Amino acid sequence: MRTLGNILWFIFGGLPMGLSWIIVGALWCITIIGIPVGKQCFKMAGLAFFPFKKEVEYGGGAPSLILNILWVIFGGAILALEALIVGCVFCITIVGIPFGMQCFKLAKLALMPFGAEVQRAT
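Residues numbered from 1 in each chain as written. Predicted model: local features only at pLDDT ≥ 70, side-chain atom pairs only at ≥ 80, totals over all residues. Heavy atoms only, no water.

Draft legend 1. Structural context of empty space enclosed by the protein. Under the definition given, this model contains 1 cavity of 30 Å³ or more. Empty space within the largest cavity amounts to approximately 40 Å³. Looking at the largest cavity, the residues that line it are M17, W21, L79, E82, A83, L106 and A110. Within the residue set of the lining of the largest cavity, elements represented by two or more residues are α1 (2–29), α3 (62–90) and α4 (97–111). The element contributing the most residues to the lining of the largest cavity is α3, with 3 residues. The residue makeup of the lining of the largest cavity, split by class, is 6 nonpolar, no polar and 1 charged. (1 Å grid on protein atoms, 1.4 Å probe; cavity = no way out; pocket = protein on both sides within 12 Å on 5 of 7 lines; lining within 4 Å. Points joined across faces, edges and corners; volume = space filled by probe spheres on them. Helix = DSSP H or I, 4+ residues; strand = E, 2+ residues; numbered from the N terminus. Nonpolar A, V, L, I, M, F, W, Y, C, P; charged D, E, K, R; others polar.)

Structure (structure tokens):
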């Protein structure tokens, strides 16, 4: 089921969301200071492309908090809004609710990507 869900997700929503993460990551990588932020965006693009059976664990500490605040101001709010809108559209139908829940997971991640670890669900 995971494979089928990921294929359908990639076709109907994952490709644009993943590309959004890659574009934002590339913009961050233009500056030397933004390279760590860009690398994190590229990691999260992998989750945006194929989110089923993956979980996000949040942690970090003070450095992650500071980076997350800067992130929300300079890029995270747009990605979170995109995921939230797409999630609401998916949740209009009963069949789309699992896809909408993945969008909401990505919206939360778009607000707090630093200190987050993506792991396979067991």
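Alright, that's what it looks like, and here's the rest.
Draft legend 2. The arrangement of the nonpolar core in detail. One finds W9, M17, W21, W71, L106 and L109 to be the most contacted residues of the largest nonpolar core, which totals 27 residues. For this core, the secondary structure elements donating two or more residues are α1, α2 (35–49), α3 and α4. If one sorts the elements of this core by residue count, α2 sits on top with 7 residues. In contact with W9, not counting residues within four places along its chain, are G14, M17, A48, F49, F50, P51, F52, F90, F99, Q102, C103 and L106. (Core = buried A, V, L, I, M, F, W, Y, C linked by side-chain atoms within 4.5 Å. Buried < 20%, exposed > 50% of the residue type's maximum accessible area, 1.4 Å probe, protein only. Contact = heavy atoms within 4.5 Å.)

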